[in-house]
Amino acid sequence: LRDKNIDLFTTVSPSSGDDLYLTAPYINFNNVIFSSLKAKDIKSFDDLAGQRLTAFQKASELIAGLGEIEEGLSVYIETPSQAQQALLLYYDRVDYVLSEKRIFEFYYNQAISEGKIPSEGFPYKIHRIIPTTEYSMAFTDETLRDAFDHGLVVIKSNGTYQKILDKYDKML
């Protein structure tokens, strides 16, 4: 993006740099921690000491506080494919999964439909200790950014944006 080989990049945070034109936030990520019902409740990352945790790739760099407790975990795995996370939890290979809520639930439902998890699924708890992250798009061109922001206002005001979100939520 900085070399201007592409026009935009999705899911960037405000800390991405001053030489890019960031849009208004267009999506929120709700990173949460999933566990089986038998796992202890988590109020902070410190509560994970001695536990087995899997997270998405580069989570220790992207999620504030996670990198500081990594050495205190008995197992820490950053999975390149999040499709495996629900299976790791179901088969008791990890105690906790750190994932964006919609992504985990998508792969959880996919594992059920593929017969990798029983059709009734398995119960799990959600621990909300990570603040919601708002993401923007980054453009190399201010005019393109402004056009995107204008379009975002339009689709939010006419209900199209919510219909898109609802469609994806139904897929879960």
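Check the entry above for the structure.
For the structure given in this document, a descriptive report is provided here. This one's a predicted model, so the numbers in the text were calculated from it and none came from an experiment. (Residues numbered from 1 in each chain as written. Predicted model: local features only at pLDDT ≥ 70, side-chain atom pairs only at ≥ 80, totals over all residues. Heavy atoms only, no water.)

What about unusual backbone geometry?
So, step 1. Even without being glycine, T11 reaches a positive phi, approximately 45°.
So, step 2. The residue T11 is located in strand 1 (residues 8-12) in this model.
So, step 3. Backbone geometry places K58, a non-glycine residue, at a positive phi of 70°.
So, step 4. Following the sequence through the fold, K58 ends up in the loop between strand 5 (52-56) and helix 1 (59-62). (Helix = DSSP H or I, 4+ residues; strand = E, 2+ residues; numbered from the N terminus.)

Structural notes on the sheet that holds strand 8 (residues 124-127)
So, step 1. Reading across from one edge, 6-5-7-4-8 is the order of the five strands in this open sheet, with mixed pairing throughout. At either end of the open sheet lies a strand with only one pairing partner, and these are strand 6 (75-79) and strand 8. Across the sheet, the mean angle from the axis of one strand to that of its neighbour is 25°, orientation sign disregarded.
So, step 2. Here three bridges tie strand 5 to strand 7 (residues 96-100), and the two strands are oriented parallel to one another. Of the residues in strand 7, the one forming a bridge with L53 is Y96.
So, step 3. Along the sheet, helix 4 (residues 101-113) makes contact with strand 4 (31-36), strand 7 and strand 8, crossing strand 7 at roughly 110°. (Pairing = 2+ DSSP bridges. Axes fitted to C-alpha atoms, helices over the stretch in contact; angles between N-to-C directions. Contact = heavy atoms within 4.5 Å.)

What about helix 5 (residues 142-157)?
So, step 1. Look at helix 5: 23 Å from first C-alpha to last across 16 residues, which is about the 22 Å you get at 1.5 Å a residue.
So, step 2. Taken as a whole, helix 5 has its buried residues at R145, D149 and L152. Across the axial projection of helix 5, the buried residues extend over an arc of 60°, all falling on one side. Those residues of helix 5 that are exposed and aimed more than 90 degrees away from the buried face are T143, H150 and S157.
So, step 3. Among the structural elements, strand 2 (21-22), strand 9 (133-139) and helix 6 (160-170) are those in contact with the buried residues of helix 5.
So, step 4. Sitting at the head of helix 5, D141 places a side-chain oxygen 2.8 Å from the backbone nitrogen of T143.
So, step 5. Downstream of helix 5 by a residue or two, G159 has a phi angle that is positive, lying close to 90°. (Expected span 1.5 Å × (residues − 1). Buried < 20%, exposed > 50% of the residue type's maximum accessible area, 1.4 Å probe, protein only. Arc of directions from axis to C-beta. Polar contact = N/O pair within 3.5 Å; in protein donor to acceptor, adjacent residues only side chain to side chain.)

The quantities given are spatial measurements derived from coordinates; they are silent on function.
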